Amino acid sequence: MATAADAELILKLYEMRREEFLRKGRRFLVFEFQPTTLEELRAISRDVKSEHNPAWRQVLSYWEMAASLVLRGALDPDLFLDSNKEGILLYAKFHHFHAETEKQSGNRFMAHTAAMIDAYPAAKASYESFLKNFGLSKASA
């Protein structure tokens with residue numbers, strides 16, 4: 001059951017999302033960045049000289065922080081998932097590029113977001129919906 005403290009934390013997370021650099025980075029990753037190969041993705045995600053690399057790091061770390069709050073019990077999962085699905089969208093959009101890298105390294109892409117998807121049916125339903133919208137199957141993701 002969500003508490004007033006949970007609601008306050010949700011509002012703080014929303015305020016953080018409004019920060020201009022984070023807002024631009026979110027817009028870029030959600031709407032503008034449409035990689036078709038792992039190399040195109042890595043040109044942003046791994047090249048620290050890329051103009052978009054700071055946005056990649058800030059946006060993904062923001063959503064990982066938020067998922068961690070849910071997983072550690074600091075934030076009610078139902079309340080969080082009612083209005084915060086963008087991290088799940090980004091996971092669905094980019095995870096399939098990392099599947100092979102994960103097998104090699106043992107490091108899970110967006111590990112907290114992935115764990116949240118595994119732990120909460122509402123998160124899994126959102127993830128599966130996003131996969132369908134992207135034309136990806138669960139097998140490829």
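To be clear, the structure that these remarks concern was listed above.
These figures come from a predicted structure and were not determined experimentally. (Residues numbered from 1 in each chain as written. Predicted model: local features only at pLDDT ≥ 70, side-chain atom pairs only at ≥ 80, totals over all residues. Heavy atoms only, no water.)

Asker: I tried to follow the overall build of the protein chain on my own but got confused; where do I start?
Answerer: A count of helical and extended segments in the protein chain gives 8 helices and 0 strands. In sequence order, the protein chain lays out its α and β elements as α-α-α-α-α-α-α-α. Taken over the C-alpha trace, the protein chain has a radius of gyration of 15 Å; the compact-globule value for 141 residues is 14 Å, and the two agree within 12%. Here the protein chain, with 141 residues, has 43% of them falling under the buried criterion. Here the protein chain displays about 8000 Å² of accessible surface, and carbon together with sulfur accounts for 54% of that area. Charge separation in the protein chain, taken as the distance between the mean sites of 19 positive and 19 negative side-chain charges, equals 2 Å. (Helix = DSSP H or I, 4+ residues; strand = E, 2+ residues; numbered from the N terminus. Rg over C-alpha atoms; globule rule 2.2 N^0.38 Å. Buried < 20%, exposed > 50% of the residue type's maximum accessible area, 1.4 Å probe, protein only. Areas by Shrake-Rupley, 256 points an atom, 1.4 Å probe, with all protein chains shown as cover. Lys, Arg positive; Asp, Glu negative; His and termini not counted. Charge placed at Lys NZ, Arg CZ, Asp CG, Glu CD.)

Asker: I'm lost on helix α4 (residues 53–71) in this one. Help?
Answerer: Since the α-helix advances by 3.6 residues per turn, residues separated by three or four positions end up pointing in the same direction. Taking 1.5 Å as the rise per residue, α4 with 19 residues should run 27 Å; its terminal C-alpha atoms sit 27 Å apart, in good agreement. All of the buried residues in α4 are Asn53, Ala55, Trp56, Val59, Leu60, Tyr62, Trp63, Glu64, Ala66, Ala67 and Val70. Contacts made by the buried residues of α4 are with α1 (4–17), α2 (20–32), α3 (38–45), α5 (77–83), α6 (86–105) and α7 (111–119). Phi turns positive, to about 85 degrees, at Gly73, one or two residues after α4. (Expected span 1.5 Å × (residues − 1). Contact = heavy atoms within 4.5 Å.)

Asker: Explanation requested: the packing of aromatic side chains in the structure shown.
Answerer: For any pair of aromatic rings, geometry is given as the distance between the ring centres together with the angle between the planes. This structure, assessed with the given rule, holds 7 aromatic pairs. Consider the rings of Phe33 and Phe94, whose centres lie 5.7 Å apart with planes at 40 degrees: the pair is tilted. Taken together, the residues Phe33 in the loop between α2 and α3 and Phe94 in helix α6 connect sequence positions 61 residues apart. Feature note: the residues Phe28, Phe33, Trp56, Tyr91, Phe94, Phe109 and Tyr127 constitute an aromatic cluster, connected by ring pairs. (Phe/Tyr/Trp six-rings, centres within 6.5 Å; stacked < 30°, edge-to-face > 60°.)

Asker: Just checking my understanding: could you explain the environment of Glu40 for this structure?
Answerer: Note that Glu40 resides in helix α3. For Glu40, a relative accessible area of 37% translates into the label partly exposed. When the C-alpha atoms of Glu40 and Ala66 are compared, they prove to be 27 Å apart, with 26 residues separating the residues in sequence. The contacts of Glu40, once residues within four sequence positions are left out, are Phe33, Gln34 and Pro35.

Asker: It is not clear to me how unusual backbone geometry should be interpreted in this structure. Could you clarify?
Answerer: It is generally the case that most residues other than glycine have a negative phi and that most peptide bonds are trans. The phi angle at Met110 is positive, at roughly 45 degrees, despite the residue not being glycine. Along the chain, Met110 turns up in the loop between α6 and α7.

Asker: Please clarify how the pattern of salt bridges should be interpreted in this entry.
Answerer: A full pass over the atoms with the stated rule returns 5 salt bridges. Arg18 is paired through a salt bridge with Glu15; the nearest N and O atoms lie 3.1 Å apart. For Arg108, the salt bridge identified is with Asp118, shortest N-O distance 2.8 Å. Taken together, the residues Arg108 in the loop between α6 and α7 and Asp118 in helix α7 connect sequence positions 10 residues apart. (Salt bridge = Lys/Arg side-chain N within 4 Å of Asp/Glu carboxyl O.)

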